[in-house]
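Reading the structure
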Amino acid sequence: MAVCIVTGASIASAQVRYGSVTLDRGFPAQTMNGTAGGINDSSGYGTTPTGQCRGYVDTTPNHQMVLSSGFDNLEIVVSSAVDTTLVVLGPTGTFCNDDTNGLNPAMSGAFEAGMYYIYVGTYSPGATGAYSITFSSADPAVVRRGDDDRGGEGGGRRRRLNTNTNASISGSMMPSR
């Protein structure tokens, strides 16, 4: 049984299998696709604040997520016909989840700005299966002071949200429906 332990040095140079996403506050939900599974036992990460690490992941991360700013409520949800697991390695540590939504993992909460590597595994060794992973947030877009509906500087009660920066995507990314 192989145990997958990825150090900070190897994460920094890691490639990803199915694409990267850069998210800023106010982004529309984004969905990426890939194939879950691998031969590396993720239980070596132990118990994390979001659950026990379980399942088998590939050596290469499935996705990279870059958060341009911190989020109070970011949600990551995996959907698949197979029993999947989730490992997220980021600037504040490792987070794992299994079986939040039936046999599929999900996690939500506060995430700090930075780079995250996401592994989508399967519960059983050697198993693989197609999945979709969706990123969404209830955090509002950034409000820029001085922009109001009257076009003047500050003081207006109604403010437009700055939605010019949302998400940039690469790899097998599709907008969610």
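Residues numbered from 1 in each chain as written. Predicted model: local features only at pLDDT ≥ 70, side-chain atom pairs only at ≥ 80, totals over all residues. Heavy atoms only, no water.

**A look at unusual backbone geometry**
Located in the positive-phi region is aspartate 99, a residue other than glycine, with phi close to 65°. Among the secondary structure elements, aspartate 99 is positioned in the loop between β11 (93-98) and β12 (106-111). For aspartate 99, a relative accessible area of 33% gives the class partly exposed. (Helix = DSSP H or I, 4+ residues; strand = E, 2+ residues; numbered from the N terminus. Buried < 20%, exposed > 50% of the residue type's maximum accessible area, 1.4 Å probe, protein only.)

**Notes on the side chain of serine 80**
Tracing the sequence through the fold places serine 80 in strand β9 (residues 71-80). For serine 80, the side chain forms a polar contact with the main-chain nitrogen of valine 82, separated by 3.1 Å. For serine 80, the contacting residues outside a window of four places in its chain are Asn104, Ala130 and Tyr131. (Polar contact = N/O pair within 3.5 Å; in protein donor to acceptor, adjacent residues only side chain to side chain. Contact = heavy atoms within 4.5 Å.)

**Points about the state of the cysteines**
Within the structure shown, the criterion is met by one disulfide. Between cysteine 53 and cysteine 96 runs a disulfide, and the two sulfur atoms are separated by 1.9 Å. Residues cysteine 53 and cysteine 96 share a disulfide whose torsion about the S-S bond is about 75°; that sign makes it right-handed. Residue cysteine 53 is found in the loop between β6 (51-52) and β7 (56-57), and its partner cysteine 96 is found in strand β11; the two are separated by 43 residues along the sequence. Cysteine 96 sits in the buried class, given a relative accessible area of 1%. (Disulfide = S-S within 2.5 Å.)

**Topic: the environment of proline 140**
Residue position: proline 140 is located in the loop between β14 (129-137) and β15 (143-148). Placed 116 residues apart in sequence, proline 140 and aspartate 24 show a C-alpha to C-alpha distance of 9.9 Å. Sequence-distant contacts of proline 140, defined by excluding residues within four places in its chain, comprise Arg25 and Gly26.

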